[in-house]
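Read off the chains here:
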Amino acid sequence: DGGITQSPKYLFRKEGQNVTLSCEQNLNHDAMYWYRQDPGQGLRLIYYSQIVNDFQKGDIAEGYSVSREKKESFPLTVTSAQKNPTAFYLCASSIIGTSNEKLFFGSGTQLSVL
Amino acid sequence: AQTVTQSQPEMSVQEAETVTLSCTYDTSESNYYLFWYKQPPSRQMILVIRQEAYKQQNATENRFSVNFQKAAKSFSLKISDSQLGDTAMYFCAQTQGGSEKLVFGKGTKLTVNP
């Protein structure tokens, strides 16, 4: 079945450590996104990519980095510069140029600080 | 900056009754898309309904319908014959900058009581 796979489901970060969240899709979608969800805050866009080897900052990109070396993969690295990384992270993908069809979401990664 | 406002942090409804969730948005764009997403306790994001701004007809999906008032920038969700499985967080979202990026509201926690 086609879909988006996020791993791991739970992740713990030590202070000063970089951690990477995985996102893989087999939907052949061009665009991929990373959102952060905090309680009572809704979802906020971190980074997005519409084509391989290209990505743009979203509303809260500071302390995060991404890469898009393959169409299927869009990993997110939470760097030590992100001082409040505890949150639920959602990856999504979509087709471009089809009258804004819906986003397909992964099942998320809960990141916590030790 | 575009904003999406959900003024009801929490709501409850009795099983089989009807409930309406409110959403207002702010945009200067002439064409955009509006969405309602459901997030049950599993935290998987599920698309409930989608509305294209240039279509005057309100979208309907089974028990879910919207009241889209473009001039008032209002996009409310009506759930008829509420079921226990409708218990979830509901997020209103709008496309941003003519792209597939979404701006989300902070959500409404809906509880359906037996």
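What counts as what
- Residues numbered from 1 in each chain as written.
- Chains lettered and ligands numbered in written order.
- Predicted model: local features only at pLDDT ≥ 70, side-chain atom pairs only at ≥ 80, totals over all residues.
- Heavy atoms only, no water.
- Pairing = 2+ DSSP bridges.
- Helix = DSSP H or I, 4+ residues; strand = E, 2+ residues; numbered from the N terminus.
- Axes fitted to C-alpha atoms, helices over the stretch in contact; angles between N-to-C directions.
- Contact = heavy atoms within 4.5 Å.
- Buried area = accessible area lost by both parts, 1.4 Å probe.
- Salt bridge = Lys/Arg side-chain N within 4 Å of Asp/Glu carboxyl O.
- Polar contact = N/O pair within 3.5 Å; in protein donor to acceptor, adjacent residues only side chain to side chain.
- Nonpolar A, V, L, I, M, F, W, Y, C, P; charged D, E, K, R; others polar.
- Buried < 20%, exposed > 50% of the residue type's maximum accessible area, 1.4 Å probe, protein only.
- 1 Å grid on protein atoms, 1.4 Å probe; cavity = no way out; pocket = protein on both sides within 12 Å on 5 of 7 lines; lining within 4 Å.
- Points joined across faces, edges and corners; volume = space filled by probe spheres on them.
- Disulfide = S-S within 2.5 Å.

Moving on, we get to the sheet that holds strand E7 (residues 64–66) of chain A. Residue and element names in this part refer to chain A. The sheet built from four strands is open, its strands ordered E1-E3-E8-E7 with antiparallel pairing. The sheet terminates laterally at strand E1 (4–7) and E7, the two strands that pair on one side only. Neighbouring strand axes in the sheet, compared pairwise and without regard to direction, differ in orientation by 20° on average. Pairing between strand E3 (residues 19–25) and strand E8 (residues 76–78): three bridges, direction antiparallel. For Leu21, the partnering residue across the bridge sits in E8 and is Leu76.

What follows deals with the interface of chain B and chain A. Opposite the 19 residues of chain B that make contact, chain A presents 26 residues. Each partner contributes to the roughly 2000 Å² buried at the junction of chain B and chain A, and carbon and sulfur atoms together form 50% of this total. When the buried surface of chain B facing chain A is broken down by residue, Arg43(B), Glu100(B) and Lys101(B) rank first, second and third, together holding 33% of it. Across the contact surface, chain B and chain A share zero salt bridges. Across the chain B-chain A interface, the total number found is seven residue pairs in polar contact (both at pLDDT 80 or more). Elements supplying a minimum of two residues to the side of chain B that touches chain A: strand E5 (33–39), strand E6 (46–52), strand E10 (88–95) and strand E11 (102–104) of chain B. Here the side of chain B that touches chain A gets four residues from one element, more than from any other, and that element is E5(B). Taken together, the residues of the side of chain B that touches chain A break down into eight nonpolar, six polar and five charged.

Residues and elements named next belong to chain A. Secondary-structure assignment places Thr79 in the loop between E8 and strand E9 (87–94). Once the C-alpha coordinates of Thr79 and Cys91 are considered, the two residues, 12 residues apart in sequence, prove to be 17 Å apart. If sequence neighbours within four positions are ignored, Thr79 has contacts with Arg13, Gln17, Asn18, Gly63, Tyr64 and Ser65. At 3.0 Å, the side chain of Thr79 and the backbone oxygen of Gly63 are in polar contact.

This part is about the pattern of salt bridges. Applying the stated rule across the entire model yields seven salt bridges over all chains. Close ionic contact of Lys55(B) with Glu52(B) constitutes a salt bridge, the shortest N to O distance being 3.2 Å. For Lys55(B), a relative accessible area of 41% gives the class partly exposed. One network of salt bridges, with partners in common, ties together Arg36(A), Asp38(A) and Arg44(A).

Here the largest pocket is characterised by a volume of approximately 360 Å³. If you trace the largest pocket, you find 21 residues lining it, with Gln37(A), Pro39(A), Gln39(B), Arg43(B) and Met89(B) closest to the centre. For the lining of the largest pocket, the secondary structure elements donating two or more residues are strand E4 (31–38) and E9 of chain A together with E10 and strand E12 (108–113) of chain B. Counted by class, the lining of the largest pocket contains nine nonpolar, eight polar and four charged residues. Roughly 290 Å³ of internal volume is contained in the second largest pocket. Lining the second largest pocket we find 17 residues, and of these Gln2(B), Thr3(B), Val4(B), Val103(B) and Phe104(B) sit closest to its centre. Those elements giving two or more residues to the lining of the second largest pocket turn out to be strand E5 (42–51) of chain A together with strand E1 (3–5) and E11 of chain B.

The next point concerns the state of the cysteines. Enumeration over the complete set of coordinates arrives at two disulfides over all chains. The residue that forms a disulfide with Cys23(A) is Cys91(A), at a sulfur-sulfur distance of 1.9 Å. The disulfide joining Cys23(A) to Cys91(A) has a torsion of about -75° about its S-S bond and is therefore left-handed. Taken together, the positions of Cys23(A) in strand E3 and Cys91(A) in strand E9 put the pair 68 residues apart, joining distant regions of the chain. You can call Cys23(A) buried: its relative accessible area is 0%. Exposure remark for Cys91(A): the relative accessible area of 0% places this residue in the buried category. Shown here is the disulfide that connects Cys23(B) with Cys92(B), its sulfur atoms set 2.0 Å apart. Its torsion about the S-S bond being -70°, the disulfide of Cys23(B) and Cys92(B) is classed as left-handed. Of this pair, Cys23(B) sits in the loop between strand E3 (19–21) and strand E4 (24–26) while Cys92(B) is found in strand E10, placing the two residues 69 residues apart along the sequence.

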